[in-house]
Amino acid sequence: MALLPMIFVLVQSLIQYPQPAGDGLDEATHRRMKERQELLDHEMARLLQELEEQDEGWGAVLSGALQQWPFWVVAGVLLLLALWFTCRRRSGEASNNDEHDGEDSVDGQEECTEVKVQESSDASEQRSREKEDLDGGKGESGSGGMEDREKTRYAGNEQGILLVDRIEWPVEDLERGCSVIAELMESLTRVFVDSVSNTPYPVPQEAIGVGSAFEGWSPRDWDGVYRVLVPLNPPPGHTFHLEPNSAGQVADRTFNVCVELVCTCEKEQVEEKPLCFLHHSREELRRKQKRSLLETLCTGSYLDVEKASRWFCQLVRSSWLQVPQWHSWHVVFQPCRRSCRLELSKGRDSLTVEMLFGVRRGDSDIFVSSQPTKATITASTAWAETYAVAEAKFFRHIARQLPCESLHLKCLQLFTCILRDTGFSSSTWKTVVMHVLTTVPLSRWHRRAFARRLWDIMAYLDRCLQLTHLRHFVLGNERLPAEISLPPAMRGVVPPNLFEHLARDPAAHREARQAYGRLRFRLGVLLSSH
């Protein structure tokens, strides 16, 4: 039993021995080790004195062992050195791991900072904007979305990365389809220009791809039709003047395209003198088979959509055999009152393209189009105002600026296709995402922040539902990129409320809030499962 005190002293010395902090044993360490050795000598001398008082058998055994105390001291020192080197190696590995994790977590720390900054800046900006236009009400709107993001903030960047990598849609098919349509329209446009020159018919310009397919995404309710808008310029001796109709809201306005004759006498040439519709008699014009646009595609003095559609389809039919694509694609013309729709097929591949036509408002990216709005258009002279060209231009601008050019499209894809039946239309999701793109700095739209951007979109939708106010994206938006041109009168207009129907119908508003709650739960489950 007398051996236990000695073992206790050795163990105590191992536990209490301070670990060196340098690469070697410095002078202070040597001094501490010397003091420890003196303490061990003192303890061992005391133990020897106690053992001498025990019986001779134990005394002989223990004294023989303790006479070798230098051996035990050296063993203890070696053991301490082994412990020191082990701790030293582990601390070095931990330091290297911290440095490596520090490099990898720069973005993570940046994201945490960004979320806080974003929540404060977005909330303040939204409060100021809503206060100006809606006379307050923002105080109670931002908290719900911020709480949502805080609760799911640590759902994990890893889950978001896994999810963003698993979101797939036929993007290659979309790109291939858009490329085929673009080449076809380029070939047709060249033929159009030659066909309508020196005729009293509108001059088709270069087609512009519009809609989700040309924006790079595909909602679940996409009908598979590639749509292009063909701008129409007035023929020589004519001009177009847009007259707004009094009926319809600001966001669903329609216009009449008034056709006016202009003098071309100053442009007459000696070799081929065009006739001026204003200063030549009708008999002379009739004799030379010169008719104005007013006599061909107009009803009264207004350009008729249905007449223009029939003329345009006939123009495409007559031009088809002159384009290179005619020998590789089989074409079927589908009847349509306000556009020209073609079904192209080649083997197992098939594409449907709808050619809309429109008139540009001045030099802007806003058009009046033959495509009707959701409201039924009965008058054949009514042309609906469309913002599709400006929106497509905005998506191209965003794709050039984002670190991950398709992240916003995958957000749209998730809300409109994966989380289907959300209770919100594709156009609503598109408007919300476009607003968030102009609110959250574009540098934050990278893969590791995918989950947080999803919750940003949800938070914006939550604020809009609480206020029953979702602003039109184009009209009156001061955050649009400078490259998107708007008519001067459109920049100062008050943005129409796309949630006006929710403000008027409490039952519909309550149902939308319930749909949002279900969607929030489904999104949380989706993120946590990846």
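Residues numbered from 1 in each chain as written. Predicted model: local features only at pLDDT ≥ 70, side-chain atom pairs only at ≥ 80, totals over all residues. Heavy atoms only, no water.

### Quick notes on the overall build of the protein
Link 1 in the chain: Within the protein, the secondary structure is distributed over 18 helices and 12 strands.
Link 2 in the chain: Total accessible area on the protein stands at roughly 28500 Å², and carbon and sulfur atoms take up 51% of it. (Helix = DSSP H or I, 4+ residues; strand = E, 2+ residues; numbered from the N terminus. Areas by Shrake-Rupley, 256 points an atom, 1.4 Å probe, with all protein chains shown as cover.)

### Observations concerning helix H11 (residues 305-320)
Link 1 in the chain: Here H11 is 16 residues long and its end C-alpha atoms lie 22 Å apart, about the 22 Å a rise of 1.5 Å per residue gives.
Link 2 in the chain: If you check which residues of H11 are buried, you get Val305, Glu306, Ala308, Ser309, Trp311, Phe312, Cys313, Leu315, Val316, Ser319 and Trp320.
Link 3 in the chain: Of the residues flanking the start of H11, the one acting as N-cap is Asp304, its side-chain oxygen 2.9 Å from the backbone nitrogen of Glu306. (Expected span 1.5 Å × (residues − 1). Buried < 20%, exposed > 50% of the residue type's maximum accessible area, 1.4 Å probe, protein only. Polar contact = N/O pair within 3.5 Å; in protein donor to acceptor, adjacent residues only side chain to side chain.)

### So, the packing of helix H14 (residues 426-437) against helix H15 (residues 450-467)
Link 1 in the chain: Their axes nearest at 10 Å, the elements H14 and H15 cross at an angle of 110°. Judged by the angle between their axes, H14 and H15 are roughly perpendicular. The handedness of the crossing between H14 and H15 comes out as right-handed. In contact with Trp429, Val432, Val433, His435 and Val436 of H14, H15 contributes Asp456, Ile457, Met458, Tyr460 and Leu461. (Axes fitted to C-alpha atoms, helices over the stretch in contact; angles between N-to-C directions. Parallel < 35°, antiparallel > 145°, perpendicular 65-115°, else oblique. Left-handed = near helix turned anticlockwise from the far one by under 90°. Contact = heavy atoms within 4.5 Å.)

### Here's the deal with the state of the cysteines
Link 1 in the chain: According to the stated counting rule, one finds zero disulfides in the structure shown.
Link 2 in the chain: For the unlinked cysteine Cys313, the closest cysteine sulfur is that of Cys340, found at 3.3 Å.
Link 3 in the chain: On the accessibility criterion, Cys340 (0% relative accessible area) is buried. (Disulfide = S-S within 2.5 Å.)

### Considering the pairing of strand S3 (residues 225-233)
Link 1 in the chain: The element S3 is largely enclosed, with a buried count of eight among its nine residues.
Link 2 in the chain: Pairing analysis gives two bridges linking strand S1 (residues 203-204) to S3, with the strands arranged antiparallel. Its bridge partner lying in S3, Pro204 is registered against Leu232.
Link 3 in the chain: Strand direction decides the pairing type here: strand S2 (residues 208-210) and S3, joined by three bridges, are antiparallel. Bridging from a neighbouring strand, Val210 pairs with Arg227 of S3. (Pairing = 2+ DSSP bridges.)

### Notes on the environment of Phe450
Link 1 in the chain: Relative to the assigned elements, Phe450 resides in helix H15.
Link 2 in the chain: Look at Phe450 and you get buried, because its relative accessible area is 0%.

### Some points on the packing of aromatic side chains
Link 1 in the chain: Counting across every chain of the model gives 10 aromatic pairs.
Link 2 in the chain: Taken together through their ring pairs, the aromatic side chains of Phe192, Tyr201, Trp311, Phe312, Phe357 and Trp383 make up a single cluster.
Link 3 in the chain: Between the NZ or CZ atom of Arg317 and the centre of the ring of Phe333, over which it lies, the distance is 4.2 Å. (Phe/Tyr/Trp six-rings, centres within 6.5 Å; stacked < 30°, edge-to-face > 60°. Lys NZ or Arg CZ within 6 Å of the ring centre and 35° of its normal.)

### Comments concerning the nonpolar core
Link 1 in the chain: Phe415, Trp429 and Leu523 are the most contacted members of the largest nonpolar core, which has 52 residues in total.
Link 2 in the chain: Counting only elements with at least two residues in this core, the list comes to helix H12 (388-401), helix H13 (407-418), H14, H15 and helix H18 (506-528).
Link 3 in the chain: The element best represented in this core is H15, accounting for 10 residues.
Link 4 in the chain: Excluding its chain neighbours within four sequence positions, the residues that come into contact with Trp429 are Leu412, Phe415, Thr416, Thr422, Phe424, Ile457, Met458, Leu461 and Leu519.
Link 5 in the chain: Ranked by size, the runner-up nonpolar core spans 45 residues in total, among them Met185, Val196, Val331 and Val368. (Core = buried A, V, L, I, M, F, W, Y, C linked by side-chain atoms within 4.5 Å.)

### Quick look at the side chain of Thr296
Link 1 in the chain: Assignment of secondary structure puts Thr296 in the loop between helix H10 (282-287) and strand S6 (298-299).
Link 2 in the chain: The buried category is assigned to Thr296, whose relative accessible area is 16%.

### Describing the pattern of salt bridges
Link 1 in the chain: Applying the stated criterion across every chain, the model contains 14 salt bridges.
Link 2 in the chain: Between Glu500 and Arg504 there is a salt bridge whose closest N-O contact spans 4.0 Å. Of this pair, Glu500 and Arg504 both sit in helix H17 (residues 500-504), separated by four residues, roughly a single helical turn.
Link 3 in the chain: Residue class for Glu500 comes out partly exposed when judged on its relative accessible area of 32%.
Link 4 in the chain: Overall, Arg504 belongs to the exposed group, its relative accessible area being 57%.
Link 5 in the chain: Within the structure, one salt-bridge network assembled from shared partners comprises Asp223, Arg227, Arg341 and Glu354. (Salt bridge = Lys/Arg side-chain N within 4 Å of Asp/Glu carboxyl O.)

### So, the pairing of strand S10 (residues 349-360)
Put simply, side chains in a regular strand alternate between the two faces of the sheet.
Link 1 in the chain: Counting buried positions along S10 gives nine out of 12 residues, so the element sits mostly inside the fold.
Link 2 in the chain: Pairing between S3 and S10: seven bridges, direction parallel. The partner of Arg227 across the bridge, within S10, is Glu354.
Link 3 in the chain: For strand S9 (residues 340-346) and S10, the ladder comprises seven bridges, and the chain directions are antiparallel. Residue pairing in the sheet places Leu344 in a bridge with Leu351 of S10.
Link 4 in the chain: In this antiparallel pair of consecutive strands, S9 and S10, the connection spans two residues, and Gly347 shows a positive phi of 65°.
Link 5 in the chain: The sheet contact formed by S10 and strand S11 (residues 367-369) spans three bridges and is antiparallel.

### Describing unusual backbone geometry
Link 1 in the chain: In this structure, Thr468 takes a positive phi of about 50° despite not being glycine.
Link 2 in the chain: Mapped onto the elements, Thr468 comes out in the loop between H15 and helix H16 (488-491).
Link 3 in the chain: What makes Thr468 buried here is its relative accessible area of 15%.

### Points about the confidence of the model for the protein
Link 1 in the chain: In the predicted model, the protein carries a mean pLDDT of 75, and the fraction of residues at 70 or more is 64%.
Link 2 in the chain: Averaged over each element, pLDDT in the protein is lowest for helix H5 (residues 106-134) (38) and highest for strand S7 (residues 302-303) (96).
Link 3 in the chain: Taken as a whole, residues 14-25 scores under 50 in pLDDT and shows 22 contacts with residues more than four places along the chain or in a different chain.
Link 4 in the chain: Every residue in residues 93-162 is under pLDDT 50, and counting partners more than four places away or in other chains gives 81 contacts. (pLDDT = per-residue confidence, 0-100.)

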